[in-house]
Each structure stands twice: as C-alpha cells, then as structure tokens.
Amino acid sequence: MTPVLEIRRASKSFGSHRVLHEVSFGVDAGEVHALVGENGAGKSTLMNIISGIHRRDAGEILLNGESIDPTDPWQARQLGISVVFQELSLTPNMTVAQNIFVRREPTSALGLVHWRQLNDDARALFERIGIDISPTELVGNYSVGIQQIIEIAKAISFDAKVLIMDEPTSALSESEVDRLFSIIAELKQQGVAIVFISHKLGEVLRIADRVSVLRDGEMVGVVNPSHSNQDEIIHMMVGRSLGDLYPAKGVVSDEILLEVEGLSHPPLFRDISFSLRRGEILGIAGLVGAGRTEVARAIFGADRYSRGSVKLAGIKLDLKSPRQAIEKGIVYLTEDRKVMGLFLSMTMRDNIVSSALARFTDALGLLKHRAIVNESLRAIKQNDIRPRDDLLSMTSLSGGNQQKSLLAKCLSANPKVLIADEPTRGVDVGAKVKIHQALRDLANRGIGVIVISSELPEVLGLSDRVVVFREGHVSAVLDGDNIAQADVMRYAVQ
Amino acid sequence: MRRSISLFDSFQRLRSSLALARLLQNRSVILALLILVISIALSVLTPAFLSSRNLTFVITGMTYDLLLALGMTIVLLLWGIDLSVGSVLGLTAVVTTMLLQDGASIPLAIGVGMGVSALCGATNGFFVAYLNIAPFIVTLGMMSVARGIATVLTSGYFVSGLPDAYKAIGQGRLFNVPYMVYFALVVVVILAFLLRNWRPLREAFYIGTNPEAARLAGIRVALITLGGYVFCSMMAGTAAIFMTSRLSMGFFQFGLGAELKAIAAAVIGGASLRGGTGSIFGATLAVFLLALINNGFVLLQGSPNAQNVIMGGILVIAIMIDAYRRRELAED
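Reading the values: rules and limits
Residues numbered from 1 in each chain as written. Chains lettered and ligands numbered in written order. Predicted model: local features only at pLDDT ≥ 70, side-chain atom pairs only at ≥ 80, totals over all residues. Heavy atoms only, no water. Helix = DSSP H or I, 4+ residues; strand = E, 2+ residues; numbered from the N terminus. Rg over C-alpha atoms; globule rule 2.2 N^0.38 Å. Buried < 20%, exposed > 50% of the residue type's maximum accessible area, 1.4 Å probe, protein only. 1 Å grid on protein atoms, 1.4 Å probe; cavity = no way out; pocket = protein on both sides within 12 Å on 5 of 7 lines; lining within 4 Å. Points joined across faces, edges and corners; volume = space filled by probe spheres on them. Pairing = 2+ DSSP bridges. Axes fitted to C-alpha atoms, helices over the stretch in contact; angles between N-to-C directions. Contact = heavy atoms within 4.5 Å. Phe/Tyr/Trp six-rings, centres within 6.5 Å; stacked < 30°, edge-to-face > 60°. Lys NZ or Arg CZ within 6 Å of the ring centre and 35° of its normal. Parallel < 35°, antiparallel > 145°, perpendicular 65-115°, else oblique. Left-handed = near helix turned anticlockwise from the far one by under 90°. Buried area = accessible area lost by both parts, 1.4 Å probe. Salt bridge = Lys/Arg side-chain N within 4 Å of Asp/Glu carboxyl O. Patch = residues over 30% accessible without salt bridge, like charges linked within 9 Å, V, L, I, M, F, W, Y side chains within 5 Å. Areas by Shrake-Rupley, 256 points an atom, 1.4 Å probe, with all protein chains shown as cover.

> Can you break down the overall build of chain A residue by residue, with the values?
On a plain count of helices and strands, chain A comes out with 17 helices and 20 strands. Computed over C-alpha atoms, the radius of gyration of chain A comes to 25 Å, within 12% of the 23 Å expected from 2.2 N^0.38 for 494 residues, which places it in the range of a compact globule. If one aligns the C-alpha atoms of chain A with their principal axes, the spans along those axes are about 75 × 50 × 45 Å. By residue count, 56% of the 494 residues in chain A fall in the buried class.

> Lay out empty space enclosed by the protein with the relevant residues and their values.
Residue and element names in this part refer to chain A. One pass over the structure, following the stated rule, counts 5 cavities of 30 Å³ or more. Roughly 90 Å³ of internal volume is contained in the largest cavity. Together, 14 residues line the largest cavity, and Gly286, Leu287, Ser454, Leu456 and Met489 are the ones closest to its centre. The set of elements that each furnish at least two residues to the lining of the largest cavity consists of helix H16 (456–462) and helix H17 (485–492). Looking at the lining of the largest cavity element by element, the count peaks at 3 residues for H17.

> Hey, could you go over the sheet that holds strand S18 (residues 448–452) of chain A for me, with residue numbers and the actual values?
Residues and elements named next belong to chain A. Strand order across the open sheet formed by 6 strands is S16-S17-S18-S13-S19-S20, with mixed pairing between neighbours. For this open sheet the edge positions go to strand S16 (330–333) and strand S20 (473–479), each flanked by a neighbour on one side alone. Neighbouring strand axes in the sheet, compared pairwise and without regard to direction, differ in orientation by 20 degrees on average. Helix H14 (residues 399–412) rests against S16 and strand S17 (417–421) of the sheet, and its axis sits at about 170 degrees to S16.

> Go over the packing of aromatic side chains with me, naming the residues and quoting the values.
Applying the stated criterion across every chain, the model contains 10 aromatic pairs over all chains. Between A:Phe343 and B:Tyr206 the ring centres are 4.8 Å apart and the planes differ by 65 degrees, which places this aromatic pair in the edge-to-face class. Of this pair, A:Phe343 sits in the loop between helix H11 (337–341) and helix H12 (348–352) while B:Tyr206 is found in helix H9 (residues 199–209), placing the two residues in two different chains. With respect to class, A:Phe343 is no different from B:Tyr206; both count as buried. With 4.4 Å between their ring centres and 25 degrees between their planes, B:Phe158 and B:Phe251 make a pair best called stacked. Residue B:Phe158 is located in the loop between helix H6 (135–154) and helix H7 (164–171), and its partner B:Phe251 is located in the loop between helix H11 (221–247) and helix H12 (258–268); the two are separated by 93 residues in the primary sequence. Within the aromatic cluster, the residues linked to one another by ring pairs are B:Phe158, B:Phe251, B:Phe252 and B:Phe254. Taking NZ or CZ as reference, A:Arg103 lies 4.0 Å from the ring centre of A:Trp74, over its face. When the ring centre of A:Phe158 is taken as reference, the NZ or CZ atom of A:Arg104 above it lies at 3.7 Å.

> Describe the packing of H12(B) against helix H13 (residues 280–299) of chain B, with residues and values.
Residues and elements named next belong to chain B. Direction vectors running N to C along H12 and H13 enclose 125 degrees, while the axes themselves pass 7 Å from each other. By the criterion of interaxial angle, the relationship of H12 to H13 is oblique. Regarding H12 and H13, the two cross each other, and that crossing is right-handed. Contacts between H12 and H13 pair Lys261, Ala264, Ala265, Ala266 and Ile268 from the former with Ala283, Ala286, Val287 and Leu290 from the latter.

> With reference to specific residues and values, describe the pairing of S16(A).
Residues and elements named next belong to chain A. Residue alternation in S16 divides its side chains into two sets, Ile330 and Tyr332 and Val331 and Leu333, and both sets are buried. Pairing of S16 with S17 involves 4 bridges; the strand directions are parallel. In the sheet register, Tyr332 faces S17, and the bridge partner there is Ile419.

> An account of the interface of chain B and chain A is needed here, citing residue identities and associated values.
Reports often express the size of an interface as the amount of accessible area lost when the parts come together. Listed as interface residues are 35 residues of chain B and, on the opposing side, 40 residues of chain A. When the two sides are added together, the surface that chain B and chain A hide from each other amounts to roughly 3,200 Å², 60% of it contributed by carbon and sulfur. Where B:Glu212 meets A:Arg297, a salt bridge forms, and the shortest distance between an N and an O atom there is 3.6 Å. Contributions of two or more residues to the side of chain B that touches chain A are made by helix H8 (179–197), H9 and helix H10 (211–216) of chain B.

> Give me a nonpolar patch on the surface: which residues, what numbers.
Residue and element names in this part refer to chain B. Together, Phe126, Phe127, Tyr130, Leu131, Ile133, Phe136, Ile137, Leu140 and Leu223 make up an exposed nonpolar region whose accessible area comes to about 810 Å². Elements represented by at least two residues in the nonpolar patch include exactly helix H5 (106–130) and H6. Among the secondary structure elements, Ile133 is positioned in the loop between H5 and H6.

What follows is the structure, encoded as structure tokens:
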C-alpha cells in the first residue's frame, strides 16, 4: 500500500544551522503516526516543510504517490493536508461556524452569506466526528479544550486526507484528552491519515500505531508501540554523549542559601520545594510549560504565589516586587531577552547598569556617571562582550553578545542568587561555552545559581543537582555526576 | 552598527572628531538654526517684529506653553500622553481666582489651586500606572471632567476682582522682563539637570523604552509613572497661576487646546509618542519656534482663525517625522 503522505530524504538548514538531515517519514490511510523528539529535534520544522511554511532544501513530498510542492498552509489544505498548530487560530468574537468556514462561506449570487447553510454545514461536520457543539455560539464562550476540537473540525472541513496535530493535548484536561482521542479514532475509521506530534509519551503510546523518533534533525528510528515502551523511546530521543563542552564541576558548600517550600499557585504550579546551596548550580529540567519560568518569576517577586515560602539564608522573604528581590540579592535572567530583558534601543552601557542604579546613586538621588562608565567597561571585559564599545546600541549586537550583556546586567546587581532562565537561548556555540563558564565561575565564587533549560545536555552538563518539573510540580530531584538523560526525560514526561 | 547616546555620558560625546557632523544631527542645534533663520526673516519682512513690545509679548506668551511642554515631555518620555493639561490649567485658574474673589489669602488660594492640579495628575497617574488603563483614555476623560467642573463652578462667567498683590505675580517685571519668564527659565535649567542626573528621571528613560524590562530590572515603574503625571499637571497649574495673575481674571476656557501645542512642542523637541526619549532644551527651543511661527503669522496679517490649522499641521508633521525616525531605528 502506498502511504497517503510520504517525505523522502528531506533536508533543511537555517544559515549554517542544520535542522533536518535526510529525514524520511510516511503515514498510511487510517493510521496514527506519532512524531516525537526533544525540543529542537526538528519536529516543528518537518511540519512546517510539509505545510509549506518553510521551503525544504532537498528531498521530496509525495501525496498519494504524486510529488507536491505546497508554498503556504492554505495551498497545502487545498491539497488535503491540514495542520492544527499549537497556537489556536480562532477568532473568539465570531461564531463557531463562521470560524470554521472563514473565507469559504456559502454565498448566493449576490455575494450574500447563506447563514442557514453555513450553520448546517458546521453541524454536519460535528456529527461526523461525533461531538455536540453549537455552530451559532461564539468561540470565545467555549473552553480552550473545546476550541482545540473546533480547530480540528476546521482542519478536516477541508476534506483533509492528512491531518497533522502539533501538541494537541498541551492545553487539555484529562477528560478533554479522552474526547480528543475518541475523535481521532473516529477519523481513523474514516481513513484519515493522522500525524500526532507530542511530548507526552504516555499519550503517544496510547494512540499511535507507529512512533517515529527525531533527534538533532535526523530520523533515528520507527517503533511499534505494542513492542516498545517509554524507556526505549526516551533512549532513542536523547542518545548522545555530552562531550567535554561543559566546565568542570566545583565544590558545593553544605550551607543552604535559598530554600523554597511548598510554593503553590494553581493551576500553574503546586507544592514546589527545593533548596539551593552556596556555590551550587541547580538545574531545573522539564518540558516547556511545566511551570519552571512561573516558579522562577514567583521567587523573584515578579508574579504572586498563593501559598508556600521562600527563605534566603534562613530568613523568610516576602517579596512584592523584583526591586525588593534585587535588594535582597536575588536576580532573574529572563528567558525572553528582547521583550523582557533588554532595552534594545538603548546603549550597552545603559543596559548593563540598569539593574544596579541603586549602587551608583548618592544621598541626593543623583547618579555617579564616572562610576557607571567604569562599571560598564569592567562588565564588558569580564563577560567578553564584543565589540568592546559600550555606546553601541543593543540592536547592533549579535544574539550571543546580547545574551552576554543580559548576563552582565544581572551580575551588576551583585546577586547572591542568580536564576538564569534559558541562559543560552538563541546563541551560537562559542557564546554558549562562555556563558556556561561564566555561570560556573559565579558558583565557584559562592553564588547560588539556578539554571532553567529545555536542553537536557545543558542542564546535565552544567548542574550539580537537577530538579525535574512535570506539569507544575516537582517530579524528581536527581543528585550526582552521572544523571542519565533518559532518567530526567522519564520524570519530565508522563 | 549604530552608536548612540548613553544616559550616562555627559563628558566625552562632543570630543569626537565627528563633532561637527554629530552637532548637525543634534535636534536642538537644528531647532536653534531654524529659530535664527525665522527671526532674521521676520525682522527683514516686518519692522514690528523686533520692537520690545512684540518680543515681550512673544516671550510671555510662550511661557505658559513652555511650562506645559516641559510636563508633557516627561509624560511622553514615560510612554504616556496627557490630553488633560489644558483643562487642568482651566480648572486651576477658576479654583484659584474664585478663592481669591471670596477673600482667601494669596498663599491659600495658590496652595489649593496647585493642590487641585496635583490631584488631577495623581488621578491620571493612578489609573495609568496602577490600573493599567491606556493614558489616552484616562487623560481624555480627565480633559472632559476638569473642563466640566471649571464650567460648572463659574457657570461660564469670568472671575475677576483679584487683589493687586496677586496680579503682581504675573505683571511684575525685572529689567523689563516679566517674573514668570525667569521662573520658567529656572525650571528649564533645573529640570534639564535632573533629567541628566537624578535617578528617578534617568529611570524614566528605561520605563518609556520597555516598561516590563524596567520592572524586572527593579525600577519603581508605577511610582515614577504616577510622579510624571503629577508633575505634568502641576506644570499646568503653575501656568494657570501666571495666566490668571497676568490677565487679572480667571475663565473656564483658559488653556483650551493647549494640550495639542504642548504635545507638538515636546515631539518637535525630541520626545517620541513611543516613549523613551525626550529633551528639555529641545522642547524649550520647540516652544520658542512655534511661538515665532505664530507671531510671524499674526504680524504678516494672517487670519487668527487659521492659527489652529497651522498648529495642527505642525503637530501632524512632527509626529510623521517621529514615526519615520522610529522606523529607521527599527530597520537598523
């Protein structure tokens, strides 16, 4: 039997960064084929190539044995390939039926919309997938779970032969997941080929007929779920060595610097407890959306929490703002440097000292310019930011140097505890190594460092201990030098 | 690569070998040159321009606008806008003069008037900074409320019969120049110094550039924003005191349309509607430039009714230049 959709040896690079390398993949009619892999393994890129968002550099896409070349998602849909993206594309202020048939409303000769037929069409669609949703209700009145189902109904309304779903369960409750799975079963019956992209291996094993594993842009294998288990799949996902990329680990003192106890703010996170010792790098691993950033922001005073406590050197803190956290010596390096970290239109100097102005102010509130210039030049040298011209606007620096500037900004505040959220996101390998070394140097100077990262090798290579988050709670605290990636992954997924 | 001006570099900038080229990029220099050209043109075209009576008229007239433009510069710097300054001026004028008319002492009347203006500013600032409501909406509401209260209080009549000692504030002169001109210049110098050296005002640059990043950097975003609106309103209150004492009366329509002139001057002077920039000297020169254009228009027998058209046109052009400048920055 020819697969409905087949990818043959597809490759894609962004600049010098290879994202996909000769990946082949196929899905049959009436089959659910799951695609799994770590963050950055190339799942989204593969999907974007199929739906025409990105152009592949090499390889072929075959639909029912015929070569196709979609240039945008709309065209892919006309061909019968529908993608349900992670971010919903619905308009809350329009009705369910209007959303589903947007740009395709049945019209009379005068161009007026046939409302009754529009709603009847939507109703027929819902009947087909066995679900009861009112076509005339506003989309905004439904929960995110139902909206996800409406999105799927919209996708199959294009008479889809192939339905690709990217993390469709990430926002769903358990009962909504069950409902989604019964819809998928129904579509299977009708011969739709389904590609199911997910992090949640439990769900993948439950629904998939085949599982393909991507790692670092390459297809490492296809397994049959009935002859496999989570462990095998996890090993396929992460199987690689760390190498000597990471700085040597240091000596951690026994003195507890920061203690988090029972921190809760449902539904984002519940009952989070861990401690950070002086001179330690504590890694926080987990999937995107597991609540890591939320907890970090709560500790930093940027967001509220409803229960629990945070103690610094044994003294309970009740931080109401980031300003108070910085005064106490807790600094947070944000995961989103452009939106929340840097002042892009301002100079490197202005950015570097922005968290530390209190240090450069005299009794009258006037700033000591000379000290500021000295601090900025010192920080540029210490963090090896290039070029060494602190009057350059932030926009003219590379990603790596922007990130180093962000780190310098955090360090100017003289922290006792640094919480670094994705400290190497979007930087080149060279800058990455330097940032890793800088974090280890800080720990060696007695600062407590928390590193949140979605890259498992980074968390493991850098950290003295690793806290694993899963769906808003701590699922494990792993100690020692030889933590296996597979162990962390097992605790991070269901 | 774009090199730009740091908040913290008062010394080395002009020492560069590119000093002249830089100088011509400096907005204040351009404004000063424009002022010079227009002044020369007007003195050639009409002898009345250089008469001391006309110059005093121009300079006193621009004092009110200058005070408002300085306040507006601070609010724009914070990525806000204050449409209510004209109305707050009107309300302060009415409250102060009514108290004086009723026999209140001068310090009491001025104190209450300034208190009213500060309260208007604090209300604006509270809604903007603590309740996160768009500044445009908040101050548009205040514009209507303050003007409305001023109207209700006076039923539309002039308030007159002010004590001579009060009139002396606006009418008194030193070396033939009204007191209030000196006052405004002192405010300009102090404010320019503080904007360069005082931490809360330095932090205003960060707030206007990226409020969320500023909050995470430990800057008191809400408090400083509130302070900016209070200052802006109090500048309007100060203008009201000078205006009522100079004209010997209060009137609910004082300051009508003043917000547009203030915004135009602040933006021409270097502030951006997108926050993060602003210059005290720039705004001062821009007010002077606008006053000259207005004066030239009057001296050359233009219709006074067309003045609003000109002011509106200048405002739109200034904002267009601002938008263009931002796009260039974004493409950098």
